[in-house]
Amino acid sequence: MATEKPSWWKTDFGPPKYDLFLPEVVKKNYGKWAYHEVIRPGVIKRVAESGDTVYTIRFGTPRLISIYTIRELCDIADKYCDGHLRWTSRHNVELITTDESKIDDIIKEVQETTGFPCGGTWDAPHAKYGLSNIIHTQGWVHCHTPAIDASGIVKAIMDELYEYFTEMKLPALCRISLACCANMCGAVHASDISIVGIHRTPPLVDDDAVRRMCELPTTAASCPNAAIKVKAKEKTLEVDGEKCMFCGNCYTMCPGMPLFDPENDGAAVLVAGKVSGARHDPELSKVVVPWIPNEPPRWPTLVSTIKKIFLAWANNAKKHERMIEFIERIGWERFFELADLEFSWHLIDDFRVPPFAYASYRVGTNFRW
Amino acid sequence: MATEKPSWWKTDFGPPKYDLFLPEVVKKNYGKWAYHEVIRPGVIKRVAESGDTVYTIRFGTPRLISIYTIRELCDIADKYCDGHLRWTSRHNVELITTDESKIDDIIKEVQETTGFPCGGTWDAPHAKYGLSNIIHTQGWVHCHTPAIDASGIVKAIMDELYEYFTEMKLPALCRISLACCANMCGAVHASDISIVGIHRTPPLVDDDAVRRMCELPTTAASCPNAAIKVKAKEKTLEVDGEKCMFCGNCYTMCPGMPLFDPENDGAAVLVAGKVSGARHDPELSKVVVPWIPNEPPRWPTLVSTIKKIFLAWANNAKKHERMIEFIERIGWERFFELADLEFSWHLIDDFRVPPFAYASYRVGTNFRW
Amino acid sequence: MSETPLLDQVPDGPWPSFVREIRKTAEGMEKAKAEGKDVKMPGCAKGLLKQLEISYKDKKTHWKHGGIVSVVGYGGGVIGRYSDLGEEIPEVHHFHTIRVNQPAGWFYTTKALRQLCDAWEKWGSGLTNMHGSTGDFVYLGTKSEHLQPLFEEMMQMDPPFDIGGSGSDLRTPSACMGPALCEFACYDTLDLCYDLTMEYQNELHRPMWPYKFKFKLSGCPNDCVAAKARSDFAIIGTWKDDIQIDQEAVKEYAKWMDIENEVVKLCPTGAITWDGNELKIDNKNCVRCMHCINKMPKALKPGKERGATVCIGAKAPCVEGAIIGWVAIPFIPADKLKERVKEIVEPLWEWWDDEGKFRERVGEFLWRKGMGEFLRVIGQDADVRMIKHPRTNPFMYFEKSELRPSKVVEEHTKRGMKFKTLEREEEEE
Amino acid sequence: MSETPLLDQVPDGPWPSFVREIRKTAEGMEKAKAEGKDVKMPGCAKGLLKQLEISYKDKKTHWKHGGIVSVVGYGGGVIGRYSDLGEEIPEVHHFHTIRVNQPAGWFYTTKALRQLCDAWEKWGSGLTNMHGSTGDFVYLGTKSEHLQPLFEEMMQMDPPFDIGGSGSDLRTPSACMGPALCEFACYDTLDLCYDLTMEYQNELHRPMWPYKFKFKLSGCPNDCVAAKARSDFAIIGTWKDDIQIDQEAVKEYAKWMDIENEVVKLCPTGAITWDGNELKIDNKNCVRCMHCINKMPKALKPGKERGATVCIGAKAPCVEGAIIGWVAIPFIPADKLKERVKEIVEPLWEWWDDEGKFRERVGEFLWRKGMGEFLRVIGQDADVRMIKHPRTNPFMYFEKSELRPSKVVEEHTKRGMKFKTLEREEEEE
Ligand code: SRM
Ligand code: SRM
Ligand code: SRM
Ligand code: SRM
Ligand code: SF4
Ligand code: SF4
Ligand code: SF4
Ligand code: SF4
Ligand code: SF4
Ligand code: SF4
Ligand code: SF4
Ligand code: SF4
């Protein structure tokens, strides 16, 4: 490997500098934008102090996309956008043009070629919010630890909530996200609605694999609940099923600790997380449904549960009132009723580090009937 | 000891039944009170559904009281109250009468004989609140673990805030309490303003005493910070000064672990705790001054600090706005300014059980300048 | 020069002075002695002054750890206390306190108080705390050998006074004045307090648990005994139905009260509206915080379906951090309180006694065990009213009975895996 | 019958289908191959479909733990992935992903994208993620032996693309579009993102720390890259002075907007008043939440004294529970950001690298160590803006330098007591 390197050889050269990729109008008005207007779902008009105007046209994508689709998008961007386009932080793609007259064609061509719908924007001044894409992860497409698939569930949910993406008819921002295991490779821990894959059976220790591939003390130490004992003589590990809460941390460390059970893996649903500072501090998401089974290919129970929660909020929230703001106004008592959910002991925090759990217990007697 | 017991001998007979001690008017209207009115500071008129009326007249006490004072109070109660009186949950004494015309005499006589001032009431309908007594503990009068005295500090503070006890001129309820060590034998952890005695030097191990009186592993285990090591060979204990945060728990367990240092013991000041459910959930108190030295007999620095905090609140709070409500409205940033306090790293929670500390860190960027 | 130059400065200022109380006691005791009364510790209060003066000079306590002192048949109720200046000030060499179980609501007759004073003049320092933080009437300072005769005198009073709690036992329960004087009381605090105290005399008097356990009873959420902050088991009066409104009385208040700003706007859930004529409360939205009722006691009253909420776990910060009690039982009807509280607390004690660690309060114990197990132990379902918000992590336990049959579960079972279960000691039952 | 009866049901419904993307790739790759292009893995996408169908039937993943795979000179950036159906579906036996460091703000030219596609048509599955959750452009699925030649092709693109982060290293930083398109940007997110990425190429490419570390950069508190929730070190644009108001533009809005209800009443601190003519903001009371600015972008703008707040510690729930970052540095002026961020992060890394436990994120590390030590390490004072509220326990550390001279301190010193100190490795300095 340590042979002579070719002249073009380099490492640590970093990503292309962003300015190489900026459209002319952006370079010119960089840092000098005056305001924006959402002129229709998916289309944002941005006006600079100079008076220059640019339009960004947003399309939903399945995130997992083919190089052939990317090339199609490139073709359209070449045709209408001087070869410029960008992706957003939520898996959407935006075509960028200074020419308002091209907007219809761009939308039509993208939709026809790729099937990607125009939408996903929100308009705070008019209090009309669209639903954006679902942030999600790999699932059965690529990861080794998932308890659920990612893309398939996202597809099933977005099919159901499609109209909210293409129209802007929500009272406030609503961010949905999904992670296929408790590692939560997404903003699942701080989203208005989120889905996380969970296991429900302890690791089924594979002694051979453990011996071959794992460092025993490190794996045992990785368990947040101290549920793993090293069996020094047998050179393997033992799990205390009464202490395990199925986080999968040990499996991440050691392939000999698989905790998959097709019948008992599934999804938990969380709500009321938030990231922006608008009106209300950021918030962690909270579990409101402990478990829904895997039902591929269309996950009907999960989808209908999400829709139920989504509508309970969408139909009752005030303007600009995000999930946490809504629930804090009406109370968790009322939310469980409205969304037709059952409260059970699983939802009361009992995670190992006790005072953290306590921070969620209700002190005092101020609650509703 | 196991000799024959006399006929009157009994154990576990319990306290006198409350109804033996209730005034006639109370027995008659028990559970049937219609409303109350604070007719002047210290005097509450209570009207029953039957139309019956009773007056309770409240006096501040130093809590530590002499049997001779109790007898004086008894004399007055016999004279005016049919021999009935009660104490409140905040160390105040109340004389009870159905005869409005006796009120002045009662007040005069109690004040003259015992020196106890009439006051300590509050009148929510008119939003006029008096300051009640300071809940407190034993201090140097009786306890073996205090870092500060109790009664002496309470006296010095109440002398300074006297007018707020005898008049009702505060915007809202304000509860002050004091505990002489971190055991907090008082509601210090949930008071509007509170004072707690703290040590600042690690236990100075007294090997002899440890050997004589202490169980080594139990004492070591009692340390919340795992700062104590058993020195098995020497049969004694060793403290890791880098881990100790002076809670005194080990000394409670073992007399061989004294942690007194006259120069470095002192008081921390907390604010913004609350117990009632009125408007705002109950709240724990929060430390705003890490340390003030012991300055007997009158603790001038501590007293002036308390007064500063008290006035910052009293002069700026809205009607019915207790300390926590006030601070949540103006922000901690502004409170430290208004009360002229210095914020320092000591006030950022770093107590062992980490996520509990985190619950007090500020997430997001919504703060004031 | 005065023997107590520092303490001499204390009486300055208008607030009643504890130093004056001690001096008054010192003088009174000496005088009583001089008058030929049987006063065993005439110099005790004076001794306390001396020691206190030294503490004020040294800026530290001079009391030492107490050994175990008690009265016959009891395991607690007395706090042993010795002076480290015992040689110098023999009057306070012993200085034990006795916790006397106060009457519920702290109502006294002068007759009873005089008996308590007389006994203390004879057997003790003549100093008291009215009252201790837990609620007891505290006899402050006596010698070991006086404990027993004093208690025997207490037995013979009319009515007799018993000893309160200390050590790892049930502590003396206390209650707000409740129905005796207050229009807000949603249940009979005094009666329940007395009932529990009587029922659990053994638990109160013989330390037996991992640590102390406190009951406090408040008749409404105003919580005038700070039960939510200061008792492992706080019983807080409340109601479930609609706030009772007397519209005429509201109009009376409206004549001088700014109802919009002081009531409507301060309702934490915005449940109140006032159109200048009628006050409306959206009771589904009311969290029974008491504010509006406190503001207009003549016009508003708690509802008619009354009872109490149990908040559990409150305590001071040692060892795991301070706790304000959290909701454990959202509602028990008033007429079921005596029965239900016992049905809840007894299995809780049993469980805590079995599995609690040394010096682990019930609150900390429940943190460790989880509320799921608590609910199972007391035989109750989870209620959303128990939480401020649901958990923020997906690390949930599931019981075996909740799992679907599967090969993996079969294999685990075959291998002898013990699954989580909330049933207690399943095997033994 | 179809080979993929379950996946066949996925394209139902209007939302674009990932199955369709995989099929399209499978067809495209076969066609390209047929057209004579150099396509190394023509059957890979099809293989993925097969495996996925089996997962849909089995309701579980068929991917195994990856071994360590990489390219010459790099320690991370590639996630090794193998199928446990390798024998059955050799096309996906290896299925590694490569994280390609995206351009800041995810701006692309078609030229650059086409190069990325061409290389991937040759060396990989033809499937991508646009983008990964951390922000990388993700090449989804290739074999070990293709990694190196692919990367060499990336080096030679115009402009070249480098590899992103994985493992216990700095992860690929990402930034909102900021000044490129957004009027709210309070600092240049793209430039700082690029600068940090370039400065820390070594940290990005060679895993060396106890665990991963993420930077994310948002131009204002709206936080369009969710930095506050998803990065150990979140740099959030903000300002210190007064919100800029254009009163004429406010009046324009007033024509159709309910300013009272939608702006004034929703300000979390009640800092706004609107009398129908003038909008006033009490800036001392504004917490810069952005709501009013979001509502009236033509009329309101962040102040002129701009910069950023650093929130620290955010992460997912494993192991200690999820964290939203907390305020570590309340304000750094925009023109000092490049310099200050480095001055802060470098000693932090050094300290964490020295004393952090294996798999302990910076947030958890700081929980363990305390913010006091953090402040000392980065040489900064505590600020009340760092906390939601001050501590609720009195268990404070004090440094020896804060103590008063005393006999006790002397005695401790004599006995060799080590006192708490926040100075790092004092002895070595
Ligand atoms: C394009 C994007 C940034 C990027 O660099 O990619 C973006 C763009 C804008 N955001 Fe955002 N936000 C983007 C992700 C986010 C995120 C991150 C996320 O969702 O993971 C957040 C935080 C979400 C959260 O709090 O959980 C976010 C919270 C906001 C908010 C706060 C709204 C609120 O009420 O909480 C605003 C303010 C607003 O509503 O105008 C905002 C405002 C905006 C504005 C109006 C800023 C501007 O002046 O251009 C942009 C257009 C909004 C629209 O679509 O109508 N943006 N925005 C991201 C679009 C993702 C997408 O495709 O949907
Ligand atoms: C006498 C006493 C009960 C007892 O059984 O001894 C009592 C008596 C009353 N309380 Fe109380 N409270 C008493 C301790 C408390 C405590 C406990 C404590 O301070 O440790 C609290 C909780 C304090 C806290 O939240 O930190 C307490 C919080 C209230 C409140 C809630 C006020 C608020 O805004 O938070 C009310 C409602 C009100 O203001 O009318 C209240 C109301 C009342 C009323 C008006 C009830 C009534 O209708 O009679 C009583 C007279 C008030 C007055 O003085 O004007 N009482 N009250 C206690 C008096 C102690 C004293 O001598 O000052
Ligand atoms: C006498 C009293 C203070 C007073 O002056 O009023 C008191 C005095 C002592 N308390 Fe207390 N506690 C007293 C009420 C409390 C309260 C308040 C309450 O009950 O409402 C608390 C806080 C609430 C709680 O239970 O947490 C309290 C929390 C403690 C603690 C900390 C317990 C914990 O779990 O954190 C200790 C330490 C211990 O138990 O070892 C303690 C320990 C002590 C000891 C026994 C000292 C010790 O280390 O062993 C004190 C004896 C002092 C003495 O010399 O007389 N005392 N103690 C109170 C009892 C009088 C009474 O019976 O009425
Ligand atoms: C590819 C990606 C998901 C995706 O589909 O987009 C991903 C995939 C994996 N993540 Fe992640 N993480 C990805 C973004 C995240 C994020 C989100 C973010 O960065 O904004 C998080 C949450 C934020 C955070 O950092 O906490 C995240 C939190 C984790 C964790 C939990 C870390 C923790 O401290 O709790 C793990 C577990 C671990 O590191 O062992 C993890 C581990 C993993 C591993 C490497 C699985 C493992 O156990 O080793 C996954 C490889 C999947 C695969 O087969 O490709 N991943 N991971 C994301 C990276 C793509 C990219 O570079 O752009
Ligand atoms: S969330 Fe879990 S299963 Fe999903 S990609 Fe991340 S590590 Fe893999
Ligand atoms: S899954 Fe999590 S809780 Fe269970 S044994 Fe593994 S690391 Fe421990
Ligand atoms: S607070 Fe501490 S010092 Fe004071 S009485 Fe209680 S245990 Fe003793
Ligand atoms: S004082 Fe507290 S922290 Fe210090 S050694 Fe004793 S128990 Fe531990
Ligand atoms: S707690 Fe309620 S019922 Fe009891 S005295 Fe206070 S206000 Fe009255
Ligand atoms: S009791 Fe409290 S919550 Fe209920 S209506 Fe009155 S003020 Fe509102
Ligand atoms: S974070 Fe702020 S600056 Fe960045 S894109 Fe979002 S709104 Fe604009
Ligand atoms: S930015 Fe937020 S806090 Fe500041 S004035 Fe506007 S709405 Fe109020």
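Here is what the cut-offs are and how they apply
Residues numbered from 1 in each chain as written. Chains lettered and ligands numbered in written order. Predicted model: local features only at pLDDT ≥ 70, side-chain atom pairs only at ≥ 80, totals over all residues. Heavy atoms only, no water. Helix = DSSP H or I, 4+ residues; strand = E, 2+ residues; numbered from the N terminus. Buried < 20%, exposed > 50% of the residue type's maximum accessible area, 1.4 Å probe, protein only. Contact = heavy atoms within 4.5 Å. Lys, Arg positive; Asp, Glu negative; His and termini not counted. Charge placed at Lys NZ, Arg CZ, Asp CG, Glu CD. Near = heavy atom within 4 Å. Nonpolar A, V, L, I, M, F, W, Y, C, P; charged D, E, K, R; others polar. Donors = N, O, S within 2.8 Å, 3.2 Å for Na, K, Ca; no water. Buried area = accessible area lost by both parts, 1.4 Å probe. Salt bridge = Lys/Arg side-chain N within 4 Å of Asp/Glu carboxyl O. Polar contact = N/O pair within 3.5 Å; in protein donor to acceptor, adjacent residues only side chain to side chain. Phe/Tyr/Trp six-rings, centres within 6.5 Å; stacked < 30°, edge-to-face > 60°. Axes fitted to C-alpha atoms, helices over the stretch in contact; angles between N-to-C directions. Parallel < 35°, antiparallel > 145°, perpendicular 65-115°, else oblique. Left-handed = near helix turned anticlockwise from the far one by under 90°. Pairing = 2+ DSSP bridges. Disulfide = S-S within 2.5 Å.

Engineer: I'd like to hear about the overall build of chain A, residue by residue, with values.
Structural biologist: Counting its regular elements, chain A contains eleven helices and 14 strands. By its C-alpha atoms, chain A is 75 × 75 × 35 Å across when sized along the principal axes. Across the 369 residues that make up chain A, the buried fraction comes to 72%. The long-range share in chain A, meaning contacts at least 24 apart out of those at least 6 apart in sequence, stands at 64%. Each charge sign in chain A was given a centre, from 43 positive and 48 negative side chains, and these centres are 3 Å apart.

Engineer: Tell me about the site of ligand 11, and please be specific about residues and values.
Structural biologist: Surrounding ligand 11, one finds Cys-176, Met-177, Cys-182, Phe-184, Ala-185, Ser-218, Gly-219, Cys-220, Asn-222, Asp-223 and Cys-224 of chain D. Split into classes, the residues belonging to the shell around ligand 11 amount to seven nonpolar, three polar and one charged.

Engineer: Give a detailed account of the coordination of the iron atom of ligand 2, specifying residues and quantitative values.
Structural biologist: Reference values for angles at a metal are 109.5 degrees in the four-donor tetrahedral case and 90 or 180 degrees in the six-donor octahedral case. Protein coordination of the iron atom of ligand 2 is limited to a single donor, Cys-224 of chain C (SG), positioned at 2.2 Å. Relative to the assigned elements, Cys-224 of chain C resides in the loop between strand S9 (215–218) and helix H7 (227–230).

Engineer: Hey, could you go over the interface of chain C and chain A for me, with residue numbers and the actual values?
Structural biologist: Opposite the 62 residues of chain C that make contact, chain A presents 63 residues. Carbon and sulfur atoms supply 63% of the area buried between chain C and chain A, which totals about 6,100 Å² over both sides. Together, Arg-385, Arg-391 and Tyr-397 of chain C form the three largest contributors to the area buried by chain C at its contact with chain A, with a combined 13%. In this structure, Arg-391 of chain C engages Asp-350 of chain A in a salt bridge whose closest nitrogen and oxygen atoms are separated by 3.0 Å. In this structure, the connection of chain C to chain A is made through 18 residue pairs in polar contact (both at pLDDT 80 or more).

Engineer: Account for helix H4 (residues 144–155) of chain D, with residues named and values stated.
Structural biologist: Buried residues of H4 of chain D: His-146, Leu-147, Gln-148, Leu-150, Phe-151, Met-154 and Met-155 of chain D, and no others. Contacts from the buried residues of H4 of chain D go to strand S2 (78–79), strand S4 (96–100), helix H3 (110–123) and strand S7 (137–142) of chain D.

Engineer: How would you explain the packing of aromatic side chains if you had to name every residue and give the values?
Structural biologist: Taken as a whole and assessed by the stated rule, the structure comprises 74 aromatic pairs over all chains. When the centroid spacing of 5.4 Å and the interplanar angle of 90° are considered together, the rings of Phe-213 of chain C and Trp-349 of chain C count as edge-to-face. Taken as a pair, Phe-213 of chain C in the loop between helix H6 (201–205) and S9 and Trp-349 of chain C in helix H11 (residues 337–355) lie far apart in primary sequence, 136 residues in all. Judged by relative accessible area, which is 4%, Trp-349 of chain C ranks as buried. Measuring from centroid to centroid gives 4.7 Å for Tyr-200 of chain D and Trp-349 of chain D, while their planes differ by 80°, and the two rings are edge-to-face. Here Tyr-200 of chain D is found in the loop between helix H5 (189–199) and helix H6 (201–205), whereas its partner Trp-349 of chain D is found in helix H11 (residues 337–355), with 149 residues between them in sequence.

Engineer: Please give an account of the packing of helix H4 (residues 151–160) of chain B against helix H9 (residues 300–314) of chain B that cites residues and values.
Structural biologist: All names here are of chain B. Axis separation between H4 and H9 bottoms out at 10 Å; the angle between their running directions is 45°. Taken together, the axes of H4 and H9 are oblique relative to one another. For the pair H4 and H9, the sense of crossing is right-handed. Facing H4, whose interface residues are Ile-153, Ala-156, Ile-157 and Glu-160, H9 presents Leu-302, Val-303, Ile-306 and Lys-307. Of the residues that constitute the contact of H4 with H9, the class distribution is six nonpolar, no polar and two charged.

Engineer: Could you give me a rundown of unusual backbone geometry, with the residues and numbers involved?
Structural biologist: Residues and elements named next belong to chain C. Going from Asp-158 to Pro-159, the amide bond is cis rather than trans, its omega being -5°. Mapped onto the fold, Pro-159 is located in the loop between helix H4 (144–155) and strand S8 (174–175). One non-glycine residue, Arg-359, adopts positive backbone phi at about 60°. Along the chain, the position of Arg-359 falls in the loop between H11 and helix H12 (362–369).

Engineer: So what's going on with the coordination of the iron atom of ligand 3? Residues and values would help.
Structural biologist: On the protein, Cys-185 of chain B (SG) is the one donor atom to the iron atom of ligand 3, at 2.3 Å. Looking at the secondary structure, you find Cys-185 of chain B in the loop between strand S9 (176–179) and strand S10 (193–198).

Engineer: I'd like a description of the pattern of salt bridges, backed by residues and values.
Structural biologist: Inspection of every chain in the model, using the stated rule, returns 116 salt bridges over all chains. Between Lys-315 of chain C and Glu-364 of chain C there is a salt bridge, and its shortest N-O distance comes to 3.3 Å. Of this pair, Lys-315 of chain C sits in the loop between strand S15 (306–312) and strand S16 (326–333) while Glu-364 of chain C sits in helix H12, and the two are 49 residues apart along the sequence. The buried category is assigned to Lys-315 of chain C, whose relative accessible area is 2%. Glu-364 of chain C sits in the buried class, given a relative accessible area of 5%. The network of salt bridges with common partners includes Arg-71 of chain A together with Lys-37, Asp-118 and Glu-121 of chain D.

Engineer: Lay out the site of ligand 10 in plain terms, naming residues and giving numbers.
Structural biologist: Residues in close proximity to ligand 10 include Ile-243, Cys-267, Pro-268, Ile-272, Ile-281, Cys-286, Val-287, Arg-288, Cys-289, Met-290, His-291 and Cys-292 of chain C, which together make up its full environment. A class-by-class count of the residues in the shell around ligand 10 yields ten nonpolar, one polar and one charged.

Engineer: Residue-level account of the sheet that holds S2 of chain D, with values.
Structural biologist: In sheet architecture, strand pairing relies on hydrogen bonds along the backbone and comes in two forms, parallel and antiparallel. Read from one edge to the other, the open sheet built from five strands follows the order S4(A)-S6(D)-S7(D)-S4(D)-S2(D), with strand pairing classed as antiparallel. Each edge of the sheet is formed by a strand with only one pairing partner; in this case those strands are strand S4 (64–66) of chain A together with S2 of chain D. Two elements, S4 of chain A and strand S6 (residues 127–130) of chain D, share three bridges in a ladder whose sense is antiparallel. Within the sheet, the bridge partner assigned to Leu-64 of chain A lies in S6 of chain D and is Asn-129 of chain D. Helix H1 (residues 18–34) of chain D contacts S4 of chain A together with S6 of chain D of the sheet and is inclined by roughly 30° relative to S4 of chain A.

Engineer: I'd love a proper account of the pairing of S16 of chain C, names of residues and values included.
Structural biologist: Working note: regular strand, side chains alternate between the two faces of the sheet. Residues and elements named next belong to chain C. For S16, the buried fraction is high: seven of the eight residues fall into the buried class. Bridge count for S15 against S16 is five bridges, and the pairing is antiparallel. Pairing of Cys-311 across the sheet is with Val-327, part of S16.

Engineer: Tell me about the interface of chain D and chain A, residues and numbers included.
Structural biologist: Listed per partner, the contact involves 124 residues of chain D and 124 residues of chain A. Summed over both sides, the interface of chain D with chain A buries roughly 10,800 Å², with 64% coming from carbon and sulfur. On inspection of chain D and its partner chain A, the count reaches nine salt bridges. Taking the shortest distance from any N to any O, the salt bridge between Lys-319 of chain A and Glu-262 of chain D comes out at 3.3 Å. Linking chain D to chain A there are 73 residue pairs in polar contact (both at pLDDT 80 or more). Among the elements that take part in the side of chain D that touches chain A, H1 of chain D stands out by supplying nine residues, more than any other. Tallied by class, residues from the side of chain D that touches chain A come to 64 nonpolar, 31 polar and 29 charged. Where strand S5 (residues 84–87) of chain A meets strand S5 (residues 107–109) of chain D, three bridges bridge the pair, whose relative direction is antiparallel. Residue pairing for S5 of chain D: Arg-86 of chain A is matched across the bridge by Phe-107 of chain D.

Engineer: Tell me about the pairing of strand S13 (residues 266–271) of chain A, residues and numbers included.
Structural biologist: Residue and element names in this part refer to chain A. Extensive coverage of S13 is indicated by the burial of six of its six residues. Pairing analysis gives six bridges linking strand S10 (residues 193–198) to S13, with the strands arranged antiparallel. Residue pairing across strands places Gly-197 opposite Ala-267, the latter belonging to S13.

Engineer: Tell me about the side chain of Thr-236 of chain A, residues and numbers included.
Structural biologist: Examined against the element boundaries, Thr-236 of chain A turns out to sit in strand S12 (residues 236–239). With sequence-adjacent residues up to four places away left out, Thr-236 of chain A is seen in contact with Val-205, Asp-207, Val-210, Arg-211, Leu-216, Lys-229, Val-230 and Lys-231 of chain A.

Engineer: Lay out the state of the cysteines in plain terms, naming residues and giving numbers.
Structural biologist: All names here are of chain A. By the definition in use, this model includes two disulfides over all chains. Disulfide partner of Cys-214: Cys-254, at an S-S distance of 2.1 Å. Handedness here is read from the sign of the S-S torsion; for Cys-214 and Cys-254, about 80°, the answer is right-handed. Placement of the pair is Cys-214 in the loop between helix H5 (207–213) and helix H6 (216–221) and Cys-254 in the loop between helix H7 (249–253) and S13, with a sequence separation of 40 residues. We note that Cys-214, like Cys-254, is buried.

Engineer: Run through the sheet that holds strand S9 (residues 215–218) of chain D, naming residues and quoting values.
Structural biologist: Residues and elements named next belong to chain D. Taken in spatial order, the five strands line up as S8-S9-S10-S15-S16 in an open sheet, and their pairing is mixed. Edge positions in the sheet fall to strand S8 (174–175) and strand S16 (326–333), since each of these pairs with one other strand and no more. Contacting S9, strand S10 (233–239), strand S15 (306–312) and S16, H11 runs over the sheet at an angle of about 145° to S16.

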